[in-house]
Amino acid sequence: MASDQVTLLDLWASPFGMRVRLALAEKGVKYEYSEQDLVNKGALLLQMNPVHKKIPVLVHNGKPVCESLIIVQYIDEVWKDKAPFLPSDPYQRAQSRFWADFVDKKIYDFGRKIWTEKGEDQEAAKKGFIDSLKLLEGELGDKPYFGGETIGYVDIALVPFYTWFYAYETIGNFSIEAECPKLIGYCMRCLKKETVSKSLEDPKKVYDFVVMLRKKFGIE
Amino acid sequence: MAEVKLYGFWPSPFSHRIIWALKLKGVEYEYIEEDLSNKSESLLKYNPVYKKTPVLVHGDKPIAESLVILEYIEETWPENPLLPKDPYERAMARFWIQYGVDTTAALGAFYHGRGEELEKAAKELLESLKILEEQGLGDKKFFGGESMNLVDISYGALGYLLAAVEEVKGVKVLEPSTLPRLHAWAKNLEELPVVKENMPAYDKLLAFVTGSMNRLAKN
């Protein structure tokens, strides 16, 4: 597919953006990365995602695809000859979709509350976050990855959030590893893969970014 | 052919989605009504994570979350396809299905709102639906074109359920004057036999919505 033109509109710290970078890396797709300013949104972003005006957006031969998990499924379907993300059995596919959706519903929302809330609300978010990670640990079981022997859809949905764990822990004053050592072990295993390590950002840099956001939103 | 069971809740559009998809695919299934105030052992066993309906059980294998169930049905019974074949068109269909999650949240705010909050929620719901009408539906009869697909199925609540909530709240949002094409779409959807024959009677639904809103008010 030498004539493919692929551009990713993204924000470096976004775990949703990292999902797409990881998916493209797993498929070996060459693309142009375009860092977006979400404060002063550019014309291209507004044109490519007029409904939500958010990143990530994948632009493939001029046509935009929005919403990170939809983009990941699209990448899987277009570049289908390599590294399939979803299993071939419909029931296993349904389980993968369920758990990726779980990551969206639980990990992102609770994680966000850890760095934006205080007091009781923050404590509730920490508990919800850890409970959710424990459910994911149960689902992982003895497998090296959620996808089995290789990285799959749920791994792509989840592992980018690892880059925000240091920020959650520091701001929330708790240790994720102490509660969920198996999940942290899993994240470390993923990071040994080149596709993962080159698609994920440095947690310390993400923490600085979150500190900046908290100042900006007046959360102290 | 392994047995198919659906654990559902009669007023819930999330359950209706699954019924319509199974019917469109010609799949025989056993429907089990759940009392959500007294959840069955089976429901708790089959959906331990969320403990909600709908849950589809195929053979003895459970699938939860209505949108996940819809994709499973589409893949397991490929006759009468309910999603486009082309990956880009599929991504667009999934985008509009996902947009419905935001619409459901706006519908929830409308349902719970009172006074000024109700006005604000009605306005936001209207704006959300305008985008759906202009950019999602466009000039098409259904989101699926000439016939309904998973996108139409996912927006079913905009017909009968929204009408019941509007009546109880005394505020109209989806009208021919405000959302002409979407209003027409809802009417067309409800005329389709699979929808008409598989949705709750309006009076019964209205009583349910009224009752549940009164219970909320007491709390």
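Within an unreviewed UniProt entry, the label attached to chain B reads Glutathione-dependent dehydroascorbate reductase, and the organism entered is Salix purpurea. Chain B has a UniProt comment under Sequence similarities (unreviewed entry) that states "Belongs to the GST superfamily."

If you check an unreviewed UniProt entry, chain A appears there as Glutathione S-transferase from Salix purpurea. Listed in UniProt under the heading Function (unreviewed entry), the comment for chain A reads: "Is involved in the conjugation of reduced glutathione to a wide number of exogenous and endogenous hydrophobic electrophiles."

All right, on to the packing of aromatic side chains then. Following the criterion strictly, the structure yields 27 aromatic pairs over all chains and no others. Here Trp20 of chain B and Tyr160 of chain B contribute two aromatic rings whose centre-to-centre distance is 6.3 Å and whose plane-to-plane angle is 80 degrees, an arrangement assigned as edge-to-face. Here Trp20 of chain B is found in helix H1 (residues 13–24), whereas its partner Tyr160 of chain B is found in helix H7 (residues 160–169), with 140 residues between them in sequence. Accessibility classification places Trp20 of chain B together with Tyr160 of chain B in one group, the buried group. Geometrically, the ring pair formed by Phe143 of chain B and Tyr155 of chain B is stacked, given 5.4 Å between the ring centres and 20 degrees between the ring planes. Placement of the pair is Phe143 of chain B in the loop between helix H5 (115–137) and helix H6 (150–154) and Tyr155 of chain B in the loop between H6 and H7, with a sequence separation of twelve residues. Judged by relative accessible area, which is 3%, Tyr155 of chain B ranks as buried. Aromatic rings pair up to connect Trp12, Trp115, Phe129, Tyr162, Trp164, Phe165, Tyr168 and Phe209 of chain A into one cluster. One Lys or Arg, Lys27 of chain A, reaches over the ring of Phe85 of chain A and ends 4.6 Å from the middle of that ring.

This brings us to the sheet that holds strand E2 (residues 30–33) of chain B. Residue and element names in this part refer to chain B. If you trace the four strands from one edge of the open sheet to the other, you get E2-E1-E3-E4, paired in mixed fashion. The sheet terminates laterally at E2 and strand E4 (61–64), the two strands that pair on one side only. Mean inter-strand twist for the sheet, computed between neighbouring axes without regard to direction, equals 20 degrees. With four bridges joining them, strand E1 (residues 4–8) and strand E3 (residues 55–58) adopt antiparallel strand pairing. Directly across from Val4, in E3, lies its bridge partner His58.

Between Ile55 of chain A and Pro56 of chain A the backbone carries a cis peptide bond, its omega angle lying at -5 degrees. Take Pro56 of chain A: it is sitting in the loop between helix H2 (43–48) and strand E3 (57–60). Residue Pro54 of chain B follows Thr53 of chain B across a cis peptide bond; omega there is 0 degrees. Mapped onto the elements, Pro54 of chain B comes out in the loop between helix H2 (41–46) and E3. A positive phi is found at Asn61 of chain A, a non-glycine position, where the angle reads about 50 degrees. With respect to the helices and strands, the residue Asn61 of chain A is situated in the loop between E3 and strand E4 (63–66). Judged by relative accessible area, Asn61 of chain A falls into the partly exposed class, the value being 43%. At Ala83 of chain A, a position not held by glycine, the phi torsion is positive, near 40 degrees. As for its position among the elements, Ala83 of chain A is in the loop between helix H3 (68–78) and helix H4 (90–116). When its relative accessible area of 27% is taken as the criterion, Ala83 of chain A is described as partly exposed.

Next up on the list: the packing of H1 of chain B against helix H3 (residues 66–76) of chain B. All names here are of chain B. H3 packs onto H1 with a crossing angle of 5 degrees between their chain directions and a minimal axis gap of 10 Å. By the criterion of interaxial angle, the relationship of H1 to H3 is roughly parallel. Here Phe14, Arg17, Ile18, Ala21 and Leu22 of H1 come into contact with H3, specifically with Ser66, Leu67, Ile69, Leu70 and Ile73. The class makeup of the residues in the contact of H1 with H3 is eight nonpolar, one polar and one charged.

Taken together, the contacts link 25 residues of chain B with 26 residues of chain A. Carbon and sulfur atoms supply 67% of the area buried between chain B and chain A, which totals about 2,300 Å² over both sides. In terms of surface lost to chain A, no three residues of chain B exceed Tyr50, Tyr88 and Phe95 of chain B, which account for 26% of the buried area on that side. Taken together, the links from chain B to chain A amount to six salt bridges. Across the pair Glu75 of chain B and Arg93 of chain A runs a salt bridge whose closest N-O atoms are separated by 2.9 Å. Mapped onto the side of chain B that touches chain A, the elements with two or more residues apiece are E4, H3, helix H4 (87–112) and H5 of chain B. Looking at the side of chain B that touches chain A, the element that brings in the most residues is H4 of chain B, giving eleven residues.

This brings us to the pairing of E4 of chain B. Regular strands place side chains that alternate from one sheet face to the opposite one. Residue and element names in this part refer to chain B. Note that E3 and E4 share four bridges and pair antiparallel. Pairing of Leu56 across the sheet is with Ile63, part of E4. Linking E3 back to E4 in an antiparallel pair, the connection comprises two residues, with Gly59 at a positive phi of about 70 degrees.

Quick notes on the rules
- Residues numbered from 1 in each chain as written.
- Chains lettered and ligands numbered in written order.
- Predicted model: local features only at pLDDT ≥ 70, side-chain atom pairs only at ≥ 80, totals over all residues.
- Heavy atoms only, no water.
- UniProt positions renumbered as here; feature names shortened; annotations may be inferred.
- Phe/Tyr/Trp six-rings, centres within 6.5 Å; stacked < 30°, edge-to-face > 60°.
- Helix = DSSP H or I, 4+ residues; strand = E, 2+ residues; numbered from the N terminus.
- Buried < 20%, exposed > 50% of the residue type's maximum accessible area, 1.4 Å probe, protein only.
- Lys NZ or Arg CZ within 6 Å of the ring centre and 35° of its normal.
- Pairing = 2+ DSSP bridges.
- Axes fitted to C-alpha atoms, helices over the stretch in contact; angles between N-to-C directions.
- Parallel < 35°, antiparallel > 145°, perpendicular 65-115°, else oblique.
- Contact = heavy atoms within 4.5 Å.
- Nonpolar A, V, L, I, M, F, W, Y, C, P; charged D, E, K, R; others polar.
- Buried area = accessible area lost by both parts, 1.4 Å probe.
- Salt bridge = Lys/Arg side-chain N within 4 Å of Asp/Glu carboxyl O.

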